[in-house]
Structure formats: C-alpha cells, structure tokens
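Chain by chain, the residues run as shown.
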Amino acid sequence: MDQRNASLELRNKLFMLLKERAFKRGKVVLASGRESDFYFDMKPAMLDPDGAGLMAELILQEIQDVKADCVGGLEMGAVPLIAPVAMRSLDFGRRLPGFFVRKTVKDHGTKKRVDGNDITGKSVVILEDVTTTGGSAMDAVKAVTEAGAKVALVISILDRGEGAADLYAKAGIPFKSLFRAEEFLPVG
C-alpha cells in the first residue's frame, strides 16, 4: 500500500472513531461563547489508545515538512495531544519535545505560563483539539511568542469553520486541520 492510501486509511479510521466517540448533537455553548446544536468532545477520542495513536500519526504526517523544534498548546485541549505527538516524533526521524501553555499562571512553583520544555528561540507547532473562532489557540500563540518562540503552524484535529482560518490568515500564521465539521454533519 502506498503512503497516500495508508494515510487515507488512517484518516478514515480516525474519522469513524471521532464520529462514534466525539461527535455529539444537542445544544451547547462553545468556548467561543457561541451556541451550537452540535459539538465535538474530543477528550474520549484523544484519551483512547487508538485515537491517541491515530491523531499523533496524522499530525506528524501533516507537519513533516514544517520546520519545528517543539509541539505544544493551550491547556486543556492540547494537553492530551502533546505527549503522543512528542513520543511518536522519533518514528518520523525527528525529535519534537512538548510544552503546554497555562491559561493562568500558578501562584506557586515556577510560576511559568509556558511549561514543559524551554521554547526560547525555537520554532513551534501549536496543537489544538477543536477550533471555532481560533481564540484559544491564539492565546497559546501569544504566550509562546512572548516566551521567545516563533509559531510555524497551528494545527487542529477539527475546525468548525467559524473563523479560525481567517483569524490565523490575518495574523500571518499558517493553519491546518485534519477534519472540518461539515464532514460530520451529513453523517451525524
């Protein structure tokens, strides 16, 4: 099986897992403050052994040609993605240590907003589970920029298509997503 067909097969497997474990119908208020009649609760899929592996594999395929030294993102959405991507990065012939951005600085310990590995002077990929308007991952972008890193890419498992791509384009930040919400709507 060639690389493209293998990637398509992995993507289809993850699609089915997300459809079963993450896609939900029902009224919900999103992190952006918007109301929706469907949502994606990625935690059950990200914390599933198959889901974690598939997400890491597909993210690493997507970022193969991206010059990056580290991967990370905003707590809580990115945290379950960071360790599997960092761990599997060695299988892709590169070493991508992880970091995460706290929403608020703790009042004890190191009091760091960006925690994990040092990102000063490094090029980073920001991971996100779901993007709507892009605000959460943009918080991570701002924090890592203030910490002395350059953002090479923001990548989301799923983009709801409600402004994130425009936000990043206007900021000059490359953006990708593995899936778009409309892929799930006809089958939900």
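Here goes a summary of the coordinates provided. (Residues numbered from 1 in each chain as written. Predicted model: local features only at pLDDT ≥ 70, side-chain atom pairs only at ≥ 80, totals over all residues. Heavy atoms only, no water.)

Examining the side chain of Asp129
Its place among the elements puts Asp129 in strand β6 (residues 123-131). On the basis of relative accessible area, Asp129 is assigned to the buried category, the value being 9%. Polar contacts involving the side chain of Asp129 include one to the side chain of Lys43, which spans 3.2 Å. Among all residues touching Asp129, those that are not within four sequence positions of it are Met42, Lys43, Met46, Gly77, Leu81, Ser156, Ile157 and Leu158. (Helix = DSSP H or I, 4+ residues; strand = E, 2+ residues; numbered from the N terminus. Buried < 20%, exposed > 50% of the residue type's maximum accessible area, 1.4 Å probe, protein only. Polar contact = N/O pair within 3.5 Å; in protein donor to acceptor, adjacent residues only side chain to side chain. Contact = heavy atoms within 4.5 Å.)

Regarding helix α5 (residues 135-146)
Taking 1.5 Å per residue as the helical rise, α5 with its 12 residues ought to reach 16 Å, and the 16 Å between its terminal C-alpha atoms agrees with that figure. Residues of α5 that are buried in the fold lie against β3 (70-74), β4 (98-101), β5 (114-116), β6, β7 (150-159) and α6 (164-171). Where α5 ends, the next residue or the one after it, Gly148, has phi of about 95°, a positive value. (Expected span 1.5 Å × (residues − 1).)

Side note on the sheet that holds β6
Read from one edge of the open sheet, six strands run β5-β4-β3-β6-β7-β8, paired in mixed fashion. Each of the sheet's edge strands pairs with one partner strand only, and the pair in question is β5 and β8 (175-180). Direction aside, the axes of adjacent strands within the sheet are offset by 25° on average. With five bridges connecting them, β7 and β8 associate as parallel partners. In the sheet register, Asp159 faces β8, and the bridge partner there is Arg180. Its contacts with the sheet put helix α4 (residues 79-89) on β3, β4, β6 and β7, and the angle it makes with β3 is roughly 170°. Against the sheet, α6 touches β6, β7 and β8, its axis set at about 170° to β8. (Pairing = 2+ DSSP bridges. Axes fitted to C-alpha atoms, helices over the stretch in contact; angles between N-to-C directions.)

The analysis is restricted to geometry; functional conclusions fall outside its scope.
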